[in-house]
Amino acid sequence: MLKESIKMAIENIVSNKMRSFLTMLGIIIGVGSVIALITIVSGATSTITDQVASMGANTVTVQIKGTPLKPGLTQGDVNKITELPNITGVAPTISGITTVAFDGNSMDKITLQGKNDVYFENTEDVISSGRIINRIDIENNSRVALIGNDIVKELYVGKNPIGQEIKIGGITYHIIGILQESDSFASAGTNNSVIIPYTTAMGVVGAKYINSMTVYITDESLADTTTRQIEGLLTKSFNGNEDGYSIVNMQNILETIESMTNILSMMLGGIASISLVVGGIGIMNMMLVSVTERTSEIGLRKALGAEPKQIQLQFLIESVVLCLIGGIIGFIVGVSLAWIAAQLIGISFVLTTSTVVLAIGFSAFIGVVFGFMPARKASRLNPIDALRSI
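Quick caveat: nothing in here was measured; it's all calculated off a predicted structure.

**Things to note about the overall build of the protein**
- From N to C terminus, the protein includes 13 helices and eleven strands.
- In the protein, buried positions account for 44% of the 390 residues.
- The contacts in the protein between residues at least 6 apart in sequence include a share of 79% that link residues at least 24 apart.
- Counting every atom, the protein has about 19900 Å² of accessible surface; 59% of that belongs to carbon and sulfur.

**Some details on the packing of aromatic side chains**
- Counted according to the given criterion, the structure contains three aromatic pairs.
- Across from the ring centre of tyrosine 119, 4.4 Å away, lies the NZ or CZ of lysine 115, which sits over that ring.

**Focus on helix H7 (residues 198–205)**
- Those residues of H7 that sit buried are Tyr198, Thr200, Ala201 and Met202.
- Positioned one or two residues after H7, glycine 206 has a phi angle of 70 degrees, which is positive.

**Some words on the UniProt feature "transmembrane region" (unreviewed entry) in the protein**
- Following the UniProt record, the feature "transmembrane region" (unreviewed entry) maps to residues 21–41, 263–292, 313–341 and 347–372 here.
- Along residues 21–41 the backbone is 100% helical and 0% strand, and the end-to-end C-alpha distance reaches 29 Å.
- Between the end C-alpha atoms of residues 347–372 there is a gap of 41 Å, over a span that is 77% helix and 0% strand.

**Re the sheet that holds strand E10 (residues 212–217)**
- Read across the open sheet, the four strands follow the order E2-E10-E1-E11; overall the sheet is antiparallel. Only two strands of the sheet have a single partner each, and these edge strands are strand E2 (87–92) and strand E11 (245–249). Strand-to-strand twist of the sheet, defined as the mean angle between neighbouring strand axes without regard to direction, takes the value 20 degrees.
- Of the pairings in the sheet, the one linking strand E1 (residues 59–64) to E11 comprises five bridges and is antiparallel in character. Each bridged residue has a counterpart across the sheet, and for valine 60 the counterpart in E11 is asparagine 249.
- Each of E2 and E10 is contacted by helix H3 (residues 75–82), which is oriented at about 155 degrees to E2, the strand it contacts most.

**Quick look at the environment of asparagine 116**
- Relative to the helices and strands, asparagine 116 is located in the loop between strand E4 (105–115) and helix H4 (117–121).
- You can call asparagine 116 buried: its relative accessible area is 5%.
- Counting along the chain gives 22 residues from asparagine 116 to isoleucine 138, while the straight-line C-alpha distance between them is 6.4 Å.
- Residues within four places of asparagine 116 in sequence aside, it is in contact with Val90, Ala91, Pro92, Ile138 and Tyr198.
- A distance of 3.2 Å separates a polar side-chain atom of asparagine 116 from the backbone nitrogen of tyrosine 119.

**Remarks on the pairing of E4**
- Here eight bridges tie strand E3 (residues 94–102) to E4, and the two strands are oriented antiparallel to one another. Residue pairing for E4: isoleucine 97 is matched across the bridge by threonine 111.
- Hairpin geometry of E3 and E4 is characterised by an intervening segment of two residues between the two adjacent antiparallel strands and by a positive phi of about 55 degrees at aspartate 103.
- In this structure, E4 lies alongside strand E9 (residues 193–197), joined through five bridges in parallel fashion. By the bridge assignment for E9, lysine 115 is matched with proline 197.

**Description of the pattern of salt bridges**
- Enumeration over the complete set of coordinates arrives at five salt bridges.
- Notably, a salt bridge pairs aspartate 77 with lysine 70, separated by 3.0 Å at the nearest N-O pair.
- Classification of aspartate 77 by relative accessible area gives buried; the value is 8%.
- Here aspartate 117 and arginine 135 are joined by a salt bridge, their closest N and O atoms 3.6 Å apart. Pair noted here: aspartate 117 is in helix H4 and arginine 135 is in helix H5 (residues 135–139), with a separation of 18 residues, a long-range link.

Reading the values: rules and limits
- Residues numbered from 1 in each chain as written.
- Predicted model: local features only at pLDDT ≥ 70, side-chain atom pairs only at ≥ 80, totals over all residues.
- Heavy atoms only, no water.
- Helix = DSSP H or I, 4+ residues; strand = E, 2+ residues; numbered from the N terminus.
- Buried < 20%, exposed > 50% of the residue type's maximum accessible area, 1.4 Å probe, protein only.
- Contact = heavy atoms within 4.5 Å.
- Areas by Shrake-Rupley, 256 points an atom, 1.4 Å probe, with all protein chains shown as cover.
- Phe/Tyr/Trp six-rings, centres within 6.5 Å; stacked < 30°, edge-to-face > 60°.
- Lys NZ or Arg CZ within 6 Å of the ring centre and 35° of its normal.
- UniProt positions renumbered as here; feature names shortened; annotations may be inferred.
- Pairing = 2+ DSSP bridges.
- Axes fitted to C-alpha atoms, helices over the stretch in contact; angles between N-to-C directions.
- Polar contact = N/O pair within 3.5 Å; in protein donor to acceptor, adjacent residues only side chain to side chain.
- Salt bridge = Lys/Arg side-chain N within 4 Å of Asp/Glu carboxyl O.

Put into structure tokens, the structure is as follows:
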């Protein structure tokens, strides 16, 4: 019986191709919109999360504002933080803007960064060739440098920069490596940067204190506990003044991003679902028209012994099949649009199983809900009244 009902539903849909297509159009647009928006948001979320995670989900960033009595942290303060439990190491950062020159050519507004060996040990894909800054470079205040790709292309055309000299702020440095080329916000500024030992950078920029550092955590699950311990140490260091510093826990940022994108997905999905409701109304309207047109058929089937439940099931299946076809087409359209958008925007293309289930399941649900009234009307037709229309 079910097989025959499905066959008859498909035959009726095929026999009215244009009307069926126009009826399905609302479902196609609705499902396509929902799938495209959810997939795009999922891809954007994945891309942003990966980029933030690449900055170190196991890190705590400390920014020092300072107080009139204590402008920043000393090396002794940094050592105390390093000695706290669950901490792999601490990487101070000294920043500034400088000028670089080689063989009579120069570049202005170059980002100068002072880093230590801990930073390179805990960060992947920092350099493309050469070696990193090591502990000996830090202890000896060595004049060694890692340079970005823009500097290589501008000052060392046709040459291998490694082993060459470069003047940074008028002082000669030895190039030991080339930084990895980057195009994502997670590594912004790397192409136009030079990195030198932070102990050397403090002398270059005239810094007596450390005002920025990254703390690397061993166990991410204890990030909150470790953050509170750092806060306690810094509060004590600044004589109880909590305004002298700020701490950013990367794990908390990832959780916040995930929460925000989930809310955004639900909002966009809800807005796009309105078109599905409109499509459902179109399905109901078409099915009511179909019931009116097929009054004689319904009367004849009832006269031959068809029960009201069978008539109702027939029209309900027809509504569901119509919605499922529209849902499948809408799913294909939505996925295609999401893929194109992902390529244009430069985000990941993420298609989850839940998205597929949503497309098919919601389509069937719309078919049942909006097909029930026409199906019920068809099942309640009086056979005698229906046969009068023949």
